[in-house]
Amino acid sequence: QVQLVESGGGLVQAGGSLRLSCAASGRTFSRYGMGWFRQAPGKEREFVAVISWSGRNTYYVDSVKGRFTISRDNAKNTVYLQMNSLKPEDTAVYYCAADLRGVTTDPSNYDYWGQGTQVTVAS
């Protein structure tokens, strides 16, 4: 069992930065691929980024490449999403999720989800 708690969301001006954190409970955190997803009002949940259990492999949706960076600290049971050059279209609730199977962009493959944190980018 893994419990996930996101933090770090908020209101920021376009061009600004935020760093999201996702703290995980459970001793098997280091075995999970960890992903970030987002959902804007009226839209489907969208894959943003994923990192393998070792941290060696990362993947991003094209719209955030070069602006967002996913990382993890297995000693702290935490995964991060550094978001730079934010745009109004990045506004959404951001969720972290854990996938025991490895690295995937499909939300249906994820085993555990956090409650989400709101990110609002003002133009």
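Our structure's up above, just so we're on the same page.
Residues numbered from 1 in each chain as written. Predicted model: local features only at pLDDT ≥ 70, side-chain atom pairs only at ≥ 80, totals over all residues. Heavy atoms only, no water.

Caption draft 1: Region of interest: the overall build of the chain. A tally of helices and strands in the chain yields zero helices and eleven strands. Going residue by residue from the N terminus, the α and β elements of the chain occur as β-β-β-β-β-β-β-β-β-β-β. Taking the principal axes of its C-alpha atoms as reference, the chain extends roughly 40 × 30 × 25 Å. By the burial criterion, 44% of the 123 residues in the chain qualify as buried. Partitioning the intrachain contacts of the chain with sequence separation of at least 6 by distance along the chain shows that 57% fall at a separation of at least 24. (Helix = DSSP H or I, 4+ residues; strand = E, 2+ residues; numbered from the N terminus. Buried < 20%, exposed > 50% of the residue type's maximum accessible area, 1.4 Å probe, protein only. Contact = heavy atoms within 4.5 Å.)

Caption draft 2: Region of interest: the pairing of strand β4 (residues 33-39). Burial within β4 is extensive, with six of its seven residues counted as buried. Where β4 and strand β9 (residues 92-99) come together, seven bridges link them in antiparallel fashion. In the strand pairing of β9, tryptophan 36 is matched with cysteine 96. Two elements, β4 and strand β5 (residues 46-51), share five bridges in a ladder whose sense is antiparallel. Considered in β5, the bridge of phenylalanine 37 is made with phenylalanine 47. Linkage of β4 to β5, two consecutive antiparallel strands, is achieved through a turn of six residues, within which glycine 42 is found at a positive phi near 80 degrees. (Pairing = 2+ DSSP bridges.)

Caption draft 3: Molecular detail of the state of the cysteines. Overall, the coordinates contain one disulfide when judged by the stated rule. Through a disulfide, cysteine 22 is tied to cysteine 96; the S-S separation comes to 1.9 Å. With the S-S dihedral at roughly 50 degrees, the linkage between cysteine 22 and cysteine 96 falls on the right-handed side. Placement of cysteine 22 in strand β3 (residues 18-24) and of cysteine 96 in strand β9 is noted, with a sequence separation of 74 residues between them. Assessed through its relative accessible area of 0%, cysteine 96 is described here as buried. (Disulfide = S-S within 2.5 Å.)

Caption draft 4: Representation of the sheet that holds β3 within the structure. Read from one edge of the open sheet, four strands run β1-β3-β8-β7, paired in antiparallel fashion. Looking along the sheet, the strands with just one partner apiece sit at the ends: β1 (4-7) and β7 (68-73). Taking the axes of each pair of neighbouring strands and ignoring which way they run, one obtains an average angle of 15 degrees across the sheet. (Axes fitted to C-alpha atoms, helices over the stretch in contact; angles between N-to-C directions.)

Caption draft 5: Examining the environment of glutamine 1 more closely. Its location among the elements puts glutamine 1 in the segment before β1. Not counting residues up to four positions away in its chain, the partners in contact with glutamine 1 are Ser25, Gly26 and Tyr112.

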